[in-house]
Amino acid sequence: MYKCPNCAGNLTFDIASQMLRCTYCETRIDPYGCRREKDAEERESPLGEYEATIFSCPQCGAELISEDTTAATFCSFCGASTILDSRVSLERRPGSIIPFTRTKEDCRAAYGKMLRRAWFAPKELKDETLIEKFRGIYMPYWVYSFEKKERIQFPGAHTYRSGDYLITEHYRLDCRVDAEYSGLAYDASASFSDSLSEAIAPFDLKQKKAFTPSFLSGFYADTRDVEAEVYLSDAEEFVLKDACSTLAREPVCRNYGAGRGETQYALKNALRPSGSSAELALLPVWFLSCRNGDRVSYAVVNGQTGKAAADLPVDKKRYLLGSLLLAVPLFFWLNLNFTIIPGKLLMIAALLAFLCIVISNSQITHILARESGEDDKGVLSKSRTLERPLPEWAVKKRTRGLLGPLEKMLITAAAVLGITLLLPMLFAMLGGVGAGIGSLLTVFLPILIFTAAFRALGAGNRYKGGRTSRKKPFLGGHFKEKWPILMKPLAGILLALMILIWNPVSDWFYYIGAFVCMGTVLWAIMDIIRQHNLLTTRKLPQLGRRGGDEIG
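Calculation notes
Residues numbered from 1 in each chain as written. Predicted model: local features only at pLDDT ≥ 70, side-chain atom pairs only at ≥ 80, totals over all residues. Heavy atoms only, no water. Patch = residues over 30% accessible without salt bridge, like charges linked within 9 Å, V, L, I, M, F, W, Y side chains within 5 Å. Areas by Shrake-Rupley, 256 points an atom, 1.4 Å probe, with all protein chains shown as cover. Salt bridge = Lys/Arg side-chain N within 4 Å of Asp/Glu carboxyl O. Lys, Arg positive; Asp, Glu negative; His and termini not counted. Charge placed at Lys NZ, Arg CZ, Asp CG, Glu CD. Helix = DSSP H or I, 4+ residues; strand = E, 2+ residues; numbered from the N terminus. Buried < 20%, exposed > 50% of the residue type's maximum accessible area, 1.4 Å probe, protein only. Phe/Tyr/Trp six-rings, centres within 6.5 Å; stacked < 30°, edge-to-face > 60°. Contact = heavy atoms within 4.5 Å. Polar contact = N/O pair within 3.5 Å; in protein donor to acceptor, adjacent residues only side chain to side chain. Pairing = 2+ DSSP bridges. Core = buried A, V, L, I, M, F, W, Y, C linked by side-chain atoms within 4.5 Å. Expected span 1.5 Å × (residues − 1).

1. Considering a positive patch on the surface
- On the surface, Lys123, Lys126, Lys317 and Arg318 cluster together to form a positively charged patch.
- Its place among the elements puts Lys126 in the loop between α2 (104–116) and α3 (128–131).
- What makes Lys126 partly exposed here is its relative accessible area of 32%.

2. Re the packing of aromatic side chains
- A full pass over the atoms with the stated rule returns 18 aromatic pairs.
- Look at Tyr141 and Phe203: their rings are 5.6 Å apart centre to centre, the planes differ by 70°, and that puts the pair in the edge-to-face class. Of this pair, Tyr141 sits in strand β8 (residues 135–162) while Phe203 sits in the loop between α4 (194–199) and β10 (209–210), and the two are 62 residues apart along the sequence. Assigned by exposure class, Tyr141 and Phe203 land together as buried.
- Geometrically, the ring pair formed by Tyr171 and Tyr256 is edge-to-face, given 4.8 Å between the ring centres and 75° between the ring planes. Taken together, the positions of Tyr171 in strand β9 (residues 165–187) and Tyr256 in the loop between α6 (251–255) and α7 (263–270) put the pair 85 residues apart, joining distant regions of the chain.
- Among the residues examined, Tyr171 registers a relative accessible area of 33% and is labelled partly exposed.
- Taking the relative accessible area as the measure of exposure, Tyr256 reaches 26% and is therefore partly exposed.
- Feature note: the residues Phe13, Tyr32, Phe100, Tyr138, Phe215, Phe219 and Trp286 constitute an aromatic cluster, connected by ring pairs.

3. Re the environment of Thr305
- Its place among the elements puts Thr305 in the loop between β13 (295–302) and β14 (308–310).
- Relative accessible area serves as the criterion here: at 34%, Thr305 is assigned to the partly exposed category.
- Linking Thr305 and Pro202, residues 103 residues apart in sequence, is a C-alpha distance of 8.5 Å.
- In this view, Thr305 contacts Arg102 and Pro202; residues no more than four positions away in its chain are not counted.
- A polar atom in the side chain of Thr305 sits 3.4 Å from the backbone nitrogen of Lys307.

4. Regarding the sheet that holds strand β3 (residues 28–29)
- Overall, antiparallel pairing links the three strands, which are arranged β1-β2-β3 in an open sheet. If you trace the sheet from one side to the other, it starts and ends with β1 (11–14) and β3, each paired once.
- Here β1 pairs with strand β2 (residues 19–22) via four bridges, running antiparallel. Within β2, the residue paired with Asp14 across the bridge is Met19.

5. Looking at the pattern of salt bridges
- With the rule as written, the count across this model stands at 15 salt bridges.
- In this structure, Glu279 and Lys208 form a salt bridge, with 3.3 Å as the shortest nitrogen-oxygen distance. Placement of the pair is Glu279 in strand β12 (residues 275–292) and Lys208 in the loop between α4 and β10, with a sequence separation of 71 residues.
- The salt bridge involving Lys268 is made with Glu237; its shortest N-O contact spans 3.0 Å. With a gap of 31 residues between them, Lys268 in helix α7 and Glu237 in helix α5 (residues 229–248) connect regions that are remote in the sequence.

6. Re the nonpolar core
- Grouped together as the largest cluster of nonpolar side chains are 37 residues, with contacts concentrated most on Leu11, Tyr111, Phe134, Tyr138, Leu216 and Trp286.
- The element best represented in this core is α2, accounting for five residues.
- Counting 21 residues, the second largest nonpolar core, distinct from the first, contains Leu490, Ala496, Ile499 and Ile528.

7. Quick word on helix α15 (residues 507–535)
- Helix length check: α15, at 29 residues, gives a terminal C-alpha distance of 41 Å against a target of 42 Å (1.5 Å per residue), a fit within 8%.
- The opening residue of α15 is Ser506, an N-cap whose side-chain oxygen sits 3.3 Å from the backbone nitrogen of Trp508.

So, to be careful, I would describe these as geometric facts and stop short of saying anything about function.
Here it is in structure tokens:
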């Protein structure tokens with residue numbers, strides 16, 4: 001804790017003045033002019049460390065650095081209301097810091113503006129008591145720099161026509177590159193989601209300042225637990241892509257096709273940086289966690305630019321009410337302008353069910369990637385040696401033996417019959433050109449759909465320990481995990497197909513089939529909402545270390 005030289009009161013960093021301000025006598029001091037005795041000792045430390053108070057959550061193991069010695073009562077990462085343990089530790093000294101420039105009022109305004117567009121967000125997220133729990137946290141980032149200062153050679157080619165011949169002349173292009181890239185920031189905290197950190201990027205790193213611990217007074221700082229090597233390849237790939245694009249736009253390179261086609265890899269390899277460095281920096285983020293059972297959602301606001309991002313679940317009651325209010329006028333408008341015969345109604349219901357299958361497949365693929373940590377390099381780097389189990393919903397109905405082949409047969413049959421029959425029928429009802437298109441689809445679609453289904457099922461289940469094989473599975477793979485959810489709308493499609501093939505005389509069969517099929521669609525929509533809420537909430541962090549609350 002920093003003491004005021006006039007009254008011995010507590011000094012905290014004031015965002016408006018960018019100075020340390022005494023909460024009692026309003027004295028203001030330059031952060032670089034305020035020193036404790038141990039600060040001088042830390043600056044002389046050959047290991048580049050500084051002494052800080054670490055608060056740790058007993059439930060999830062989260063840790064945050066604080067200059068305040070009072071006990072915190074709320075964990076920022078798992079949302080637990082608990083007394084956080086504290087200890088004094090030596091931490092690696094960051095090279096730079098961007099102080100907060102957005103106040104808590106700015107943060108609340110940005111969050112409120114975002115929620116005004118979220119019609120179906122639960123009302124709990126708009127509660128003033130929750131919004132007051134936003135706390136300022138300096139998140140650790142690795143800031144990468146690259147340089148390339150040397151002569152390079154890469155291939156080029158020029159093709160022209162001479163009479164009846166196409167002549168291609170190959171060249172070896174030579175140039176000197178003098179390029180520097182700096183300010184590529186990637187979060188160095190496994191508890192800070194890559195998707196959220198990317199959503200509030202970028203930070204203006206031209207405004208960074210040399211680090212001194214006094215900037216932390218009044219705020220928390222997350223501890224680093226991701227090594228610089230984790231995101232080095234991502235940063236280098238970004239640099240190579242930009243450098244290749246820039247050089248390929250040069251007139252000579254453009255005329256000789258450098259960086260296009262087969263020469264793209266050679267140019268990228270020639271431009272590979274000759275030097276790189278990574279500096280640890282602390283960047284400002286307003287952080288909010290909302291816990292719901294064994295799940296937690298986060299909202300973050302860039303403490304420099306005010307850009308906001310959040311995990312926003314959908315409230316089922318609000319969604320159903322909104323859908324009902326939209327469906328009533330839409331129903332009357334369709335009845336006034338269109339005549340829908342029973343067969344068309346059944347086909348529309350089946351197509352909606354097929355659309356639900358496509359959406360569910362995509363969402364479940366993302367859920368499995370997030371739950372296993374595949375979509376977050378920081379999390380993955382911390383759990384490479386751990387076996388991460390499948391989510392409960394994905395394993396509770398899994399069986400072995402003959403059910404696997406039976407599932408494959410049903411999925412293949414439904415895919416071939418569904419798309420092969422529904423689409424041609426729809427075009428045939430249009431008449432004229434549509435009937436011809438329908439005939440062509442009837443011939444070619446079975447071959448195409450069977451091939452696609454065979455590829456999808458052949459991909460198999462590569463889910464082992466939260467990692468997939470190098471070959472990316474078709475449609476995300478994991479069909480055994482997806483089957484319990486996808487079978488619901490699939491059952492509606494199969495019922496619609498049987499009625500369309502049977503072609504009964506009575507319209508009641510079509511209406512009953514459409515009603516049942518729409519029931520499976522509604523059931524599938526509820527599953528989609530549940531899947532969306534899984535995507536917008538996260539498992540409680542089990543970090544083995546690392547959490548905290550704001551000061552004051």
